[in-house]
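So you can see what is in the structure, the chains are spelled out below.
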Amino acid sequence: MARIVLDNVAHSYEAKPQADADWALKPSDHVWEHGGAYALLGPSGCGKTTLLNIISGLVVPTRGRILFDDIDVTHLPTEKRNIAQVFQFPVIYDTVTVAENLAFPLRNRGMSREAAMARVKEIARLLELTHDLPRKARGLTADAKQKISLGRGLVRPDVAAILFDEPLTVIDPHLKWELRSALKEIHRKLDVTMIYVTHDQTEALTFADTVVVMHEGQVVQVGTPDELFDRPAHTFVGHFIGSPGMNLLPCAVDGDTARIAGHSVKLGRRYDGLAGRIELGVRPEFAALSNAGEGLPVRIKQIDDLGRTRIARLDLAGFPIAATVPPDTDVSGDAGIVAFNPAKVFIYADGRLVA
Ligand code: ADP
Ligand code: MG
């Protein structure tokens with residue numbers, strides 16, 4: 001069990017990093033509290049695997065320290081860190097049984113055969129592998145093999161943390177949902193820190209209590225799924241989380257008014273002394289299309305019927321935006337008015353939320 005601290009950790013795969021882009025992981029401070037269910041979310045190439053491998057010890061960071069319960073483990077090899085890691089593709093022994101595959105991490109650390117098998121049965125039940133236990137791993141489906149990999153990650157009762165690196169990539173979509181639920185249940189039972197890497201927001205938001213969002217080698221926000229939706233700390237989070245994502249419009253701000261392409265938008269508060277590249281952010285859920293009244297003139301390009309709601313794709317002075325279509329709005333023409341809920345409008349400077 002451990003509280004994991006990243007103390008000013010940065011990593012470059014270059015021998016002599018110079019430009020910003022040479023750093024796969026930019027200087028990061030982060031605490032993973034003991035027992036948390038974390039998702040590490042971000043697009044391909046943003047540094048998730050690098051960060052995970054620094055925690056597990058597969059990568060020694062160029063700069064900074066990793067602490068497990070205040071002990072510096074930066075230069076300790078993986079075996080000494082008491083960490084389990086599950087990779088994207090199955091890592092199993094084809095020639096032995098599923099039970100032996102699952103028991104391996106336990107037997108390897110000297111657990112008796114009886115104790116190991118009791119534990120293996122428990123994990124197999126959670127992953128619905130019980131029937132496969134006596135079978136040789138060879139010849140199992142890709143799904144079943146990846147379940148064994150997950151099981152090997154979960155089987156040790158003594159680990160400080162379990163790290164999952166996009167473990168459900170090769171898994172069939174309907175099984176994905178079941179396995180995610182199983183992982184959540186296991187997390188509740190085991191009282192272990194889990195860090196789950198994914199580029200899929202649905203996976204992240206359903207698995208995790210806390211989501212750590214990465215973008216271009218940096219953690220840009222840490223929060224609950226609700227916090228990421230309600231108050232994106234970075235334009236990337238606004239755009240990446242949500243479907244469709246947050247509307248982002250370049251603007252100029254004067255006190256409590258934003259100006260977008262010659263139109264004024266009332267803000268929920270005053271902003272003074274802004275500097276940098278200024279954008280207004282508002283989620284489609286808080287932008288409403290109407291036929292008349294206060295708001296910005298837009299051209300209606302397309303209406304997406306999502307069942308419970310309708311989303312309009314609009315053009316606002318050359319900028320594409322999305323808005324909710326209230327039931328009484330007539331969308332038969334191509335002109336409309338869009339109005340934002342001022343309490344849900346945020347201002348960003350150089351991508352960062354102006355607090
Ligand atoms: P993610 O897991 O989010 O897709 P990675 O941590 O794998 O991102 O990669 C982050 C950046 O580091 C990428 O630009 C990638 O090309 C680079 N990178 C990753 N592994 C290596 C490596 N072993 N050698 C050189 N560059 C690497
Ligand atoms: Mg990766």
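Residues numbered from 1 in each chain as written. Chains lettered and ligands numbered in written order. Predicted model: local features only at pLDDT ≥ 70, side-chain atom pairs only at ≥ 80, totals over all residues. Heavy atoms only, no water.

Draft legend 1. Here's a closer look at the overall build of the protein. From N to C terminus, the protein includes eight helices and 21 strands. With respect to the three principal axes, the spread of C-alpha positions in the protein is 75 × 45 × 30 Å. A sequence separation of at least 24 residues applies to 67% of the contacts in the protein between residues at least 6 apart. Total accessible area on the protein is roughly 16700 Å²; 51% of this is exposed by carbon and sulfur atoms. (Helix = DSSP H or I, 4+ residues; strand = E, 2+ residues; numbered from the N terminus. Contact = heavy atoms within 4.5 Å. Areas by Shrake-Rupley, 256 points an atom, 1.4 Å probe, with all protein chains shown as cover.)

Draft legend 2. Structural context of the nonpolar core. By size, the foremost hydrophobic cluster in this structure holds 50 residues, and its most contacted members are V120, L154 and F164. For this core, the element with the highest residue contribution is helix 3 (residues 113-126), accounting for six residues. Ignoring sequence-local partners within four residues, the contact set of V120 consists of A99, L102, A103, L106, L133 and V155. Of all hydrophobic cores here, the second largest spans 27 residues; its members include L249, L289, I300 and V354. (Core = buried A, V, L, I, M, F, W, Y, C linked by side-chain atoms within 4.5 Å. Buried < 20%, exposed > 50% of the residue type's maximum accessible area, 1.4 Å probe, protein only.)

Draft legend 3. Representation of the site of ligand 1 in the model. Every residue close to ligand 1 is listed here: Y13, A24, P43, S44, G45, C46, G47, K48, T49 and T50. Within the backbone of G45, an N or O atom sits 2.6 Å from an oxygen atom of ligand 1. Contacts to ligand 1 include G47, whose backbone N or O atom sits 3.1 Å from an oxygen atom. Considering ligand 1 on its own, with 570 Å² of exposed area, one finds that the protein chains cover 53% of that surface. (Near = heavy atom within 4 Å. Polar contact = N/O pair within 3.5 Å; in protein donor to acceptor, adjacent residues only side chain to side chain.)

Draft legend 4. Spatial organisation of the environment of A323. On the secondary structure map, A323 appears in strand 18 (residues 319-324). As a C-alpha pair, A323 and A287 span 36 residues in sequence and 4.9 Å in three-dimensional space. When near neighbours in sequence (up to four residues on either side) are disregarded, A323 contacts P284, A287, A288, L289, R310, I311, A312, L314 and V338.

Draft legend 5. Main features of helix 3. Taking 1.5 Å of rise per residue, the 14 residues of helix 3 would be expected to cover 20 Å, and the 20 Å separating its terminal C-alpha atoms lies within 8% of that figure. By the burial criterion, the buried members of helix 3 are A116, M117, R119, V120, I123, A124 and L126. Contacts made by the buried residues of helix 3 are with helix 2 (98-107), helix 4 (142-154) and helix 5 (173-190). One or two steps after helix 3, the chain reaches E128, where phi turns positive at roughly 55°. (Expected span 1.5 Å × (residues − 1).)

Draft legend 6. Layout of the sheet that holds strand 14 (residues 278-282). Taken together, the four strands give an open sheet; going across it, the order is 11-14-20-21, and neighbouring strands pair in antiparallel fashion. The outermost strands of the open sheet, each flanked by one partner alone, are strand 11 (247-250) and strand 21 (352-353). Pairing of strand 11 with strand 14 involves four bridges; the strand directions are antiparallel. Of the residues in strand 14, the one forming a bridge with P250 is E279. (Pairing = 2+ DSSP bridges.)

Draft legend 7. Here's a closer look at the pairing of strand 4 (residues 63-68). Pairing between strand 1 (residues 4-11) and strand 4: five bridges, direction antiparallel. Across the sheet, residue V5 finds its bridge partner in strand 4, namely L67. For strand 4 and strand 5 (residues 71-72), the ladder comprises two bridges, and the chain directions are antiparallel. What sits directly across from F68, in strand 5, is I71. In this structure, the hairpin formed by strand 4 and strand 5 is closed by a connection of two residues, where D69 is found at a positive phi of approximately 50°.

Draft legend 8. Region of the structure containing the side chain of R180. When you line up the elements, R180 lands in helix 5. Summary of buried charges: R180 has no salt-bridge partner, and the nearest side chain of opposite charge, E203, is 4.3 Å away. Beyond its immediate stretch of four places on either side in the chain, R180 contacts L168, T202, E203, T206 and F207. (Lys, Arg positive; Asp, Glu negative; His and termini not counted. Salt bridge = Lys/Arg side-chain N within 4 Å of Asp/Glu carboxyl O.)

Draft legend 9. Seen up close, the environment of A287. You can see A287 is positioned in strand 15 (residues 287-290). Residue classification places A287 among the buried positions, given a relative accessible area of 1%. C-alpha separation for the pair A287 and A322, spaced 35 residues apart in sequence, amounts to 7.7 Å. Among all residues touching A287, those that are not within four sequence positions of it are A322, A323, T324, V338, A339 and F340.

Draft legend 10. Summary view of the domain arrangement of the protein. Taken domain by domain, the protein comprises domain 1 (4-240) and domain 2 (247-353). Each of domain 1 and domain 2 has a C-alpha centre, and these two points are 38 Å apart. In this assembly, 13 residues from domain 1 lie in contact with ten residues from domain 2. Buried area between domain 1 and domain 2, summed over both chains or domains, comes out near 1000 Å², and the portion from carbon and sulfur atoms is 53%. At the junction of domain 1 and domain 2, the tally comes to zero salt bridges. Across the domain 1-domain 2 interface, the total number found is six residue pairs in polar contact (both at pLDDT 80 or more). It is helix 8 (residues 235-240) that contributes the most residues to the side of domain 1 that touches domain 2, four residues altogether. The residue makeup of the side of domain 1 that touches domain 2, split by class, is six nonpolar, five polar and two charged. (Domains from an automatic or database assignment. Buried area = accessible area lost by both parts, 1.4 Å probe. Nonpolar A, V, L, I, M, F, W, Y, C, P; charged D, E, K, R; others polar.)

Draft legend 11. View of the side chain of E203. Turning to its location among the elements, E203 is positioned in helix 6 (residues 201-207). The class for E203 is buried, based on a relative accessible area of 4%. Beyond its immediate sequence surroundings of up to four residues, E203 is in contact with L168, K176, R180, Y196 and T198.

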